[in-house]
Amino acid sequence: MNFDAYARTGVDLVNARLDDLDNLRALFPDDNAWMRDEVAERDLAIFRRAQKRLRDVFEYGTSGRDAEAVAELNSLLEAFPVQPRISGHDSSDWHMHVTSRGSSVSAEYLAGAVWGLSVWLCEYGSARFGVCADERCGNVYLDTSSNCCRRFCSERCATRSHVAAHRARKRAAVGEQAPVAAQPAPAESLTPVS
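The rules we used
- Residues numbered from 1 in each chain as written.
- Predicted model: local features only at pLDDT ≥ 70, side-chain atom pairs only at ≥ 80, totals over all residues.
- Heavy atoms only, no water.
- Helix = DSSP H or I, 4+ residues; strand = E, 2+ residues; numbered from the N terminus.
- Expected span 1.5 Å × (residues − 1).
- Buried < 20%, exposed > 50% of the residue type's maximum accessible area, 1.4 Å probe, protein only.
- Arc of directions from axis to C-beta.
- Contact = heavy atoms within 4.5 Å.
- Phe/Tyr/Trp six-rings, centres within 6.5 Å; stacked < 30°, edge-to-face > 60°.

Digging into helix 5 (residues 66-79)
The terminal C-alpha atoms of helix 5, which comprises 14 residues, lie 20 Å apart, in line with the 20 Å expected from a rise of 1.5 Å per residue. Ala69, Glu72, Leu73 and Leu76 are the residues of helix 5 that are buried. All buried residues of helix 5 fall inside an arc of 100 degrees around its axis, so they share one side. For helix 5, the exposed residues lying more than 90 degrees away from the buried face are Ala67 and Glu78. Looking at the buried positions of helix 5, the neighbouring elements they touch are helix 4 (41-62), helix 6 (105-124) and strand 3 (129-131).

Here's the deal with the packing of aromatic side chains
Think of a pair of aromatic rings as described by two things: how far the centres are apart, and how the planes are tilted against each other in angle. With the rule as written, the count across this model stands at five aromatic pairs. Relative to Phe47, the ring of Phe28 has its centre 6.1 Å away and its plane inclined at 80 degrees; by these criteria the two rings are edge-to-face. Residue Phe28 is located in the loop between helix 2 (21-26) and helix 3 (33-38), and its partner Phe47 is located in helix 4; the two are separated by 19 residues in the primary sequence. With respect to burial, Phe28 and Phe47 carry one shared label: buried. Ring geometry for Phe58 and Phe129: centres 4.9 Å apart, planes at 45 degrees, overall tilted. Taken together, the positions of Phe58 in helix 4 and Phe129 in strand 3 put the pair 71 residues apart, joining distant regions of the chain. Within the aromatic cluster, the residues linked to one another by ring pairs are Phe28, Phe47 and Tyr109.

The quantities given are spatial measurements derived from coordinates; they are silent on function.
The following block contains the structure:
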């Protein structure tokens with residue numbers, strides 16, 4: 001099983017728009033087309049609740065609240081239990097699924113996402129769960145940097161944030177250098193001395 005791929009499905013879910021069933025269907029890549037075809041309106045509410053709870057896990061990890069991240073993941077593992085099974089059609093196609101046959105799309109997807117994030121936390125720690133530092137973004141990510149220093153979900157957000165900070169510093173420097181307008185002399189100093 002590719003636990004990193006399962007963990008990334010959790011990231012994809014947290015970052016997804018879930019306004020309607022079409023948004024939910026867009027969450028599933030082509031290799032999970034069966035999920036896209038079988039997902040139903042009843043799954044939408046389940047995905048939205050799980051999305052909020054997984055966002056909490058990332059926020060706990062980002063703020064150093066490991067015990068809370070672990071508690072939330074354990075609760076999610078209970079709600080979406082992993083029941084592995086081998087699936088496929090012949091000896092060249094065997095692969096693992098994380099839920100039993102006949103599970104709903106939400107049970108299958110969320111069991112994998114929660115399991116992947118749980119394995120990720122055990123392997124790398126909750127400090128590797130990130131929330132983008134760009135105030136306009138809010139996406140989550142898994143920090144794969146060598147020294148746990150990533151702050152943005154993408155290069156685009158990092159660049160946008162750095163450019164905005166540079167422009168703000170430039171505006172502040174120009175504001176500090178603006179000359180002070182000369183004050184007019186008091187009226188009494190303008191009268192001639194006799």
